[in-house]
Amino acid sequence: MDVPLIELQKVTKNYGSHAVLRGVDLRVRPGSVVAIIGPSGCGKSTLLRCMNFLERPDAGQLFFRGRVLGEGAEILRAHRARVGMVFQRFHLFPHLNVLDNLLLAPRVVRGEGREEAARSAHILLEKVGLSAMAGAWPESLSGGQQQRVAIARCLMMEPELLLFDEPTSALDPELVGEVLGVIRDLAEEGRSMCIVTHEMSFAREVASEVVMLDQGVVIEQGPPAQVLGNPQHARTRTFLKRVLEHSRE
Ligand SMILES: Nc1ncnc2c1ncn2[C@@H]1O[C@H](COP(=O)(O)OP(=O)(O)O)[C@@H](O)[C@H]1O
Ligand SMILES: [Mg+2]
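Residues numbered from 1 in each chain as written. Chains lettered and ligands numbered in written order. Predicted model: local features only at pLDDT ≥ 70, side-chain atom pairs only at ≥ 80, totals over all residues.

Draft legend 1. Structural context of the pairing of strand S4 (residues 59–64). Sheet topology places strand S1 (residues 6–15) next to S4; 5 bridges connect them, and they run antiparallel. When the sheet's bridge partners are listed, Thr12 is paired in S4 with Ala59. Here 2 bridges tie S4 to strand S5 (residues 67–68), and the two strands are oriented antiparallel to one another. From the neighbouring strand, Phe64 faces S5, where its bridge partner is Arg67. Counting the residues in the hairpin turn of S4 and S5 gives 2 residues, including Arg65, whose phi is positive at 50°. (Pairing = 2+ DSSP bridges. Helix = DSSP H or I, 4+ residues; strand = E, 2+ residues; numbered from the N terminus.)

Draft legend 2. Seen up close, the environment of Pro4. Position of Pro4 among the secondary structure elements: in the segment before S1. Separated by 24 residues in sequence, Pro4 and Val28 place their C-alpha atoms 5.6 Å apart. Those residues in contact with Pro4 that sit more than four places away from it in its chain are Arg27, Val28 and Arg29. (Contact = placed C-beta atoms within 7 Å.)

Draft legend 3. Layout of helix H4 (residues 114–127). Helix length check: H4 (14 residues) gives 20 Å between terminal C-alpha atoms against 20 Å at 1.5 Å per residue, within 8%. Listed as buried for H4 are Ala117, Ala121, Leu124 and Leu125. Projected down its long axis, H4 carries its buried residues within an arc of 100°, all on one side. Away from its buried face, by an angle of more than 90 degrees, H4 presents the exposed residues Glu115, Arg119 and Ile123. (Expected span 1.5 Å × (residues − 1). Buried ≥ 20, exposed ≤ 12 C-beta atoms within 10 Å, placed from the backbone. Arc of directions from axis to C-beta.)

Draft legend 4. Main features of the nonpolar core. Core analysis: the biggest nonpolar cluster contains 67 residues, and Ala35, Ile36, Leu163, Cys194, Ile195 and Val210 have the highest contact counts within it. Of the residues forming this core, the biggest block, 6 residues, is contributed by helix H5 (residues 143–155). Excluding residues within four positions of it along the chain, Ile36 makes contact with Lys44, Leu47, Cys194, Ile195, Val196, Val211 and Leu213. (Core = buried A, V, L, I, M, F, W, Y, C linked by C-beta atoms within 7 Å.)

Have a look at this one:
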């Protein structure tokens, strides 16, 4: 069996006296897509943030390609570079145009030359369907376009693992499809990723595995047809019913 790309063992995270993650085990195999679902406040964002060490777990271990992640600023910097994250609210740099949003990290973190980085940037903008927008300002773009720029920017660092935190939740419904389309293409390329999403039909189609988190614990996981189609846990059933009702509103 493949060594997991990333593996979490008994990860816990507290904010003050609030236990947000209470011993989470999670594995992402190379080339797989793990969809993380669960009610608001159950710890999904915190879990993703622990995976790239935007948050430091209080206990438990994190392995990358079978090796435990050590301490130290240099190791963590390298880890963050190979784990890319896309946020709900895009977080583009408002004072930089689209091209410069893409160039910043490779230039600053890797010291890449402008021309070399710009070549990669144009290829990635084409991939997300925005080659005509290189000179545009973020505020002039729709939410769907901004999120596609954010995805291209994330890809500039050639991450080995992509983390998406509700990438379409801030979008108008008619813009959701264009962003999911880009993520679907990335999945088809065999990229490894974790996606927190409430788009259940998308999860069912794209995910290799669905993980249901509730109150900081994984209560159920397995293939989408199993977890979404035939959930074993009452809380999974209740949650899915609520999401379905909401999506019909
Ligand atoms: N930086 C923080 N400081 C204190 N509490 C936090 C912080 N981040 C998240 N929380 C709390 O942790 C819980 C889980 O949050 P989060 O991981 O964002 O959940 P989800 O993404 O599933 O909605 C929530 O109760 C939230 O209020
Ligand atoms: Mg969240």
